[in-house]
Amino acid sequence: MKRGTIIALVILVVLVGIFLATRETPQTSVAAPYTVKKVDNLDRIEVTRPGADDALVVFQKKEDGWALTKPVEAPVSDAVAKSLDEVFAKKIATDDLKVSKDKLDEYELSDEKAAAVSLYAAGSSEPAATFAVGKEITVENTNAKRSFIKTDAGKPYRARVSLELLHIAVKDLRSKQITKGDRN
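Residues numbered from 1 in each chain as written. Predicted model: local features only at pLDDT ≥ 70, side-chain atom pairs only at ≥ 80, totals over all residues. Heavy atoms only, no water.

Draft legend 1. Seen up close, the sheet that holds strand β5 (residues 74-75). As summarised here, the arrangement of the 8 strands in space is β5-β4-β3-β2-β7-β8-β9-β10, forming an open sheet in which the pairing is antiparallel. Of all strands in the sheet, those bounded by a partner on one side alone are β5 and β10 (156-159). Two strands pair when backbone bridges link them, and strand β4 (residues 65-70) and β5 are joined in this way by 2 bridges, in the antiparallel orientation. From the neighbouring strand, Leu68 faces β5, where its bridge partner is Ala74. (Pairing = 2+ DSSP bridges. Helix = DSSP H or I, 4+ residues; strand = E, 2+ residues; numbered from the N terminus.)

Structural data, given as structure tokens:
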């Protein structure tokens, strides 16, 4: 090879090396703009649903699993207990989707429609986390269930989980299994 060709190849290799060393790596994941922190030792979940006959619903963790303590005392169904454990066993992250404050009624996040949720750790009288839950949607392309949530500051987000179980009527939350032999 001629000397000029060798010099050109060396310069090309050096330039490619410089390019690979200095280029920014492409972003492969998106950080959640907001997360509801996981409550360690979660003991109680209070859901206040405005306009409902059973406005305050309290889930209490007992030795044998989740139970309703308000408006009635009853064990929850196995499906509800499983959903509560799955949803609240980790932090609740949100999508990076921009959610407009102008559409709070559409997302059912207005004060008249949203369910207020408070998460309590064992032995605590102050909530470890609070947020409001609105409408649930299904994302068209992926069929993923997403719920709209609102922070204490009033900022709306779309959570990466389904929180629809917090809107279910009490009669559908209760276990249908007979556990005691008395009339109650």
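Draft legend 2. Inspection of the packing of aromatic side chains at higher detail. According to the stated counting rule, one finds 0 aromatic pairs in the structure shown. If you follow Arg44 out to its NZ or CZ, it ends over the ring of Tyr120, 3.8 Å from the centre. (Phe/Tyr/Trp six-rings, centres within 6.5 Å; stacked < 30°, edge-to-face > 60°. Lys NZ or Arg CZ within 6 Å of the ring centre and 35° of its normal.)

Draft legend 3. Here's a closer look at the nonpolar core. Ranked by internal contacts, the top residues of the largest apolar core, which has 31 residues, are Ile45, Phe59, Phe88, Leu119, Phe131 and Leu163. Those elements that place two or more of their residues in this core are β2 (42-48), β3 (56-62), β4, α2 (78-88), β7 (115-121), β8 (129-138), β10 and α3 (170-173). Considering every element that reaches this core, the biggest residue donor is α2, with 5 residues. Each residue touching Leu119, except ones within four places of it in the same chain, is listed here: Val36, Val39, Leu42, Arg44, Ile45, Phe88, Pro127, Ala128, Ala129 and Phe131. (Core = buried A, V, L, I, M, F, W, Y, C linked by side-chain atoms within 4.5 Å. Buried < 20%, exposed > 50% of the residue type's maximum accessible area, 1.4 Å probe, protein only. Contact = heavy atoms within 4.5 Å.)

Draft legend 4. Examining the confidence of the model for the protein more closely. Per-residue confidence for the protein gives a mean pLDDT of 81, with 92% of residues at or over 70. Per-element averaging of pLDDT across the protein places α3 at the bottom with 74 and helix α1 (residues 3-22) at the top with 88. (pLDDT = per-residue confidence, 0-100.)

Draft legend 5. Geometry of the pairing of β8. Two strands pair when backbone bridges link them, and β7 and β8 are joined in this way by 5 bridges, in the antiparallel orientation. Along β8, the bridge assignment pairs Val117 with Phe131. Bridging between β8 and strand β9 (residues 145-150) involves 5 bridges; their strand directions are antiparallel. Bridge pairing in β9 links Thr138 to Lys145. Hairpin connection from β8 to β9: 6 residues lie between these consecutive antiparallel strands, with Asn143 at a positive phi of about 60 degrees.

Draft legend 6. Quick look at the environment of Val161. Of note, Val161 is situated in the loop between β10 and α3. Assessed through its relative accessible area of 17%, Val161 is described here as buried. Along the chain, Val161 and Glu73 lie 88 residues apart, while their C-alpha atoms are 27 Å from each other. Those residues in contact with Val161, other than ones at most four positions away along the chain, are Val87, Ile92, Lys145, Arg146 and Ser147.

Draft legend 7. Focus on the pattern of salt bridges. Scanning all chains against the criterion turns up 3 salt bridges. Across the pair Lys38 and Asp40 runs a salt bridge whose closest N-O atoms are separated by 3.1 Å. Residue class for Asp40 comes out exposed when judged on its relative accessible area of 56%. One salt bridge connects Asp85 with Lys61, and the closest N-O pair in it is separated by 3.4 Å. Here Asp85, found in helix α2, pairs with Lys61, found in strand β3; they are 24 residues apart in sequence, far enough to count as distant. Look at Lys61 and you get partly exposed, because its relative accessible area is 36%. (Salt bridge = Lys/Arg side-chain N within 4 Å of Asp/Glu carboxyl O.)

Draft legend 8. Structural view of the side chain of Lys150. Structurally, Lys150 is set in strand β9. Since its relative accessible area comes to 12%, Lys150 is described here as buried. Sequence-distant contacts of Lys150, that is, excluding residues within four places in its chain, are made with Leu104, Leu109, Ser110, Asp111, Phe131, Ala132, Lys155 and Pro156.

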